[in-house]
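Observations on the three-dimensional arrangement
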2 protein chains.
Amino acid sequence: MQERETPDRRKQVAEAAARSFATFGYKGTTMDQVAKLAQVGKGTIYTFYANKEELFDEIMTGLIRDLRAVADETVDPKLPFADNLMNVLHRVLDFRDRHSLAVKLSQEVRDIGTPMAKEGLETLEKAIISYIARHVKEAADKGEIRPCPPELTAYMMLKMYLALTAEGRHLHEPLGKDEVLERFRFYCIEGLALR
Amino acid sequence: MQERETPDRRKQVAEAAARSFATFGYKGTTMDQVAKLAQVGKGTIYTFYANKEELFDEIMTGLIRDLRAVADETVDPKLPFADNLMNVLHRVLDFRDRHSLAVKLSQEVRDIGTPMAKEGLETLEKAIISYIARHVKEAADKGEIRPCPPELTAYMMLKMYLALTAEGRHLHEPLGKDEVLERFRFYCIEGLALR
DNA sequence: CGACTGACCAAAATAACAATTCGGTCAGTC
DNA sequence: GACTGACCGAATTGTTATTTTGGTCAGTCG
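Please read these numbers as outputs of a predicted model, since none were measured by experiment.

**A look at the overall build of chain A**
- Counting its regular elements, chain A contains nine helices and zero strands.
- Reading chain A from its N terminus to its C terminus gives the helix and strand order α-α-α-α-α-α-α-α-α.
- Projecting the C-alpha coordinates of chain A onto the three principal axes gives extents of approximately 65 × 40 × 25 Å.
- A buried classification covers 44% of the 195 residues belonging to chain A.
- In chain A, the proportion of contacts linking residues at least 24 apart, taken out of those at least 6 apart, comes to 61%.
- Surface summary for chain A: the accessible area is close to 10700 Å², and the carbon and sulfur share equals 53%.

**Structural notes on the protein's contact with DNA strand D**
- Neighbouring residues of DNA strand D: 15 residues in total, closest Gly41(A), Thr44(A), Met31(B), Lys42(B) and Lys52(B).
- Within 4 Å of the protein, the contacting atoms of DNA strand D are drawn from sugar and phosphate to the extent of 68%.
- Between DNA strand D and Thr44(A) there is a distance of 2.4 Å, counted from a phosphate oxygen to a side-chain nitrogen or oxygen.
- Take Met31(B): an N or O atom from its main chain is 2.6 Å from a phosphate oxygen of DNA strand D.
- Among the elements of the structure, helix 1 (9-28) and helix 3 (42-48) of chain A together with helix 3 (42-48) of chain B are those that each provide at least two residues to the surface near DNA strand D.

**Let's talk about the UniProt feature "domain: HTH tetR-type" (unreviewed entry) in chain A**
- The positions UniProt marks with the feature "domain: HTH tetR-type" (unreviewed entry) are residues 7-67 of chain A.
- For the annotated span residues 7-67 of chain A, helix accounts for 82% and strand for 0% of the residues, and the straight-line distance between the end C-alpha atoms is 27 Å.

**Description of the protein's contact with DNA strand C**
- Taken together, 15 residues are adjacent to DNA strand C, and Met31(A), Lys42(A), Lys52(A), Gly41(B) and Thr44(B) come closest.
- Within 4 Å of the protein, the contacting atoms of DNA strand C are drawn from sugar and phosphate to the extent of 66%.
- Contact between DNA strand C and Thr29(A): a phosphate oxygen at 3.3 Å from a main-chain N or O atom of the residue.
- A distance of 2.7 Å is found between a phosphate oxygen of DNA strand C and a backbone nitrogen or oxygen belonging to Gly41(B).
- Contributing elements (two or more residues each) for the surface near DNA strand C: helix 3 of chain A together with helix 1 (9-28) and helix 3 of chain B.
- Split into classes, the residues belonging to the surface near DNA strand C amount to three nonpolar, seven polar and five charged.

**Digging into the interface of chain A and chain B**
- Between chain A and chain B, the residue contacts involve 34 residues of the former and 34 residues of the latter.
- Interface area, chain A with chain B, both sides summed: about 3500 Å², of which 68% is carbon and sulfur.
- Linking Arg146(B) and Glu190(A) is a salt bridge whose minimum nitrogen-to-oxygen distance equals 2.9 Å.
- Linking chain A to chain B there are 14 residue pairs in polar contact (both at pLDDT 80 or more).

**Let's talk about the environment of Phe95(B)**
- Counting through the fold element by element, Phe95(B) comes out in the loop between helix 5 (81-94) and helix 6 (96-112).
- In this structure the C-alpha to C-alpha distance between Phe95(B) and Leu67(B), which are 28 residues apart in sequence, comes to 9.3 Å.

**Quick notes on empty space enclosed by the protein**
- Tallied over the full model, the rule gives one cavity of 30 Å³ or more.
- By volume, the largest cavity is sized at about 30 Å³.
- Of the residues belonging to the lining of the largest cavity, the class tally is one nonpolar, no polar and four charged.

**Describing the relation of the copies chain A and chain B**
- Take chain A, turn it by 179°, move it 0.1 Å along the axis, and it overlays chain B with an RMSD of 0.1 Å. On this basis, the relationship between the two copies can be described by a two-fold rotation axis. Within chain A, the C-alpha atom positioned nearest to the axis of rotation is that of Gly191(A), 1.9 Å from it.
- Here 100% of the contact residues of chain A are again contact residues in chain B; the copies associate through an equivalent surface.

**Quick notes on helix 5 of chain B**
Residue and element names in this part refer to chain B.
- Taking 1.5 Å as the rise per residue, helix 5 with 14 residues should run 20 Å; its terminal C-alpha atoms sit 20 Å apart, in good agreement.
- Looking at helix 5, one finds that the buried residues are Phe-81, Ala-82, Asn-84, Leu-85, Met-86, Val-88, Leu-89, Val-92 and Leu-93.
- For helix 5, the elements touching its buried residues are helix 4 (52-74), helix 6, helix 7 (115-141), helix 8 (150-164) and helix 9 (177-190).

Scoring rules and cut-offs
- Residues numbered from 1 in each chain as written.
- Chains lettered and ligands numbered in written order.
- Predicted model: local features only at pLDDT ≥ 70, side-chain atom pairs only at ≥ 80, totals over all residues.
- Heavy atoms only, no water.
- Helix = DSSP H or I, 4+ residues; strand = E, 2+ residues; numbered from the N terminus.
- Buried < 20%, exposed > 50% of the residue type's maximum accessible area, 1.4 Å probe, protein only.
- Contact = heavy atoms within 4.5 Å.
- Areas by Shrake-Rupley, 256 points an atom, 1.4 Å probe, with all protein chains shown as cover.
- Near = heavy atom within 4 Å.
- Polar contact = N/O pair within 3.5 Å; in protein donor to acceptor, adjacent residues only side chain to side chain.
- UniProt positions renumbered as here; feature names shortened; annotations may be inferred.
- Nonpolar A, V, L, I, M, F, W, Y, C, P; charged D, E, K, R; others polar.
- Buried area = accessible area lost by both parts, 1.4 Å probe.
- Salt bridge = Lys/Arg side-chain N within 4 Å of Asp/Glu carboxyl O.
- 1 Å grid on protein atoms, 1.4 Å probe; cavity = no way out; pocket = protein on both sides within 12 Å on 5 of 7 lines; lining within 4 Å.
- Points joined across faces, edges and corners; volume = space filled by probe spheres on them.
- Least-squares fit on C-alpha atoms with pLDDT ≥ 70 in both.
- Expected span 1.5 Å × (residues − 1).

In structure tokens:
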């Protein structure tokens with residue numbers, strides 16, 4: 001659809017912005033930067049996006065869409081809930097690059113508390129939780145797991161996942177991928193009680 | 001032991017400091033303030049404490065000691081692990097005033113990132129985790145719960161507790177005390193798997 | 001004496017102001 | 001008419017003046 005002679009400006013801008021946000025954070029990326037990275041005049045950016053905030057939203061939306069796609073193509077409706085959960089975690093854990101934007105943003109929130117970064121992260125969190133919640137609800141309806149409030153359960157799952165990976169590096173050494181999976185299954189699915 | 005005519009300066013100072021730290025945070029508390037609150041000359045404070053940091057440490061240590069005492073007197077070795085865990089949570093949840101210092105400090109860390117407040121909170125977290133970890137280890141040794149790394153387990157427990165109480169007020173309405181207990185038992189002890 | 005005080009000091013925090021950067025515009029080019 | 005980049009004012013950052021605060025100690029009082 002796209003000739004070599006007519007480069008897709010919008011795509012150039014979006015990709016440059018994605019790289020820049022992931023590398024320098026929200027505050028750290030300037031529109032001049034994005035323009036230069038995209039090899040585009042600054043004004044061109046504003047023909048596609050009303051302002052920096054809208055550009056950022058588009059990138060975040062893309063991230064959410066990509067994550068959802070990865071999850072969707074990993075989930076196999078024929079498999080048990082716990083297996084799907086593990087498989088999705090597995091793939092998400094592998095996707096270091098996809099994470100880098102989220103990692104950079106949460107670092108930015110911690111260090112300088114940029115409101116937009118915080119907002120973006122909250123949007124991402126909401127999206128993840130509602131995605132998980134949907135699957136939790138289905139699993140509960142099918143009787144694959146015990147009945148439980150889906151949103152709260154999804155929230156707890158996310159918190160456990162983060163506790164095992166991102167946070168708590170003070171306490172335990174960063175766990176390997178397999179350890180994370182094993183521990184997550186242990187604490188979240190199986191529980192501490194004797195079986 | 002203490003006559004009415006010879007008020008216990010040290011105690012006056014400690015109590016004034018505890019109130020002030022809980023009300024205004026670490027940074028918000030000035031030594032002049034503490035002196036005035038304690039009805040004591042500022043110099044007097046320094047006959048007991050080398051500096052503001054040491055005064056703060058004493059208050060934090062006191063908090064930890066009190067929490068531990070509450071926990072200890074609640075734990076009944078004859079009861080099962082899960083019951084003791086629930087009972088301690090129950091009492092700690094009631095102790096809103098004891099919490100207020102910790103609440104104020106974490107708020108301070110979030111808003112202005114005072115290093116001392118951060119440090120104090122970390123000390124508190126470490127103390128709580130090591131306390132829980134000891135009991136987890138005992139329970140595991142006695143075969144009351146499944147074998148697991150005590151420190152990591154304690155860490156996960158604390159994170160779940162916080163997710164159900166302090167954090168995540170964006171997502172779910174603040175849970176009532178009984179709901180917190182029920183949910184904690186559900187997610188932490190029993191697990192999502194069918195029994 | 002010695003417990004206690006509060007005026008005092010240097011250092012750190014804050015406010016006030018100047019210099020720079022950055023998001024956003026638009027006249028002009030190709 | 002798609003695209004550019006010099007340009008503008010608002011916002012951020014750097015700098016200096018002012019105030020606040022942790023900590024000291026000569027002096028008071030019992």
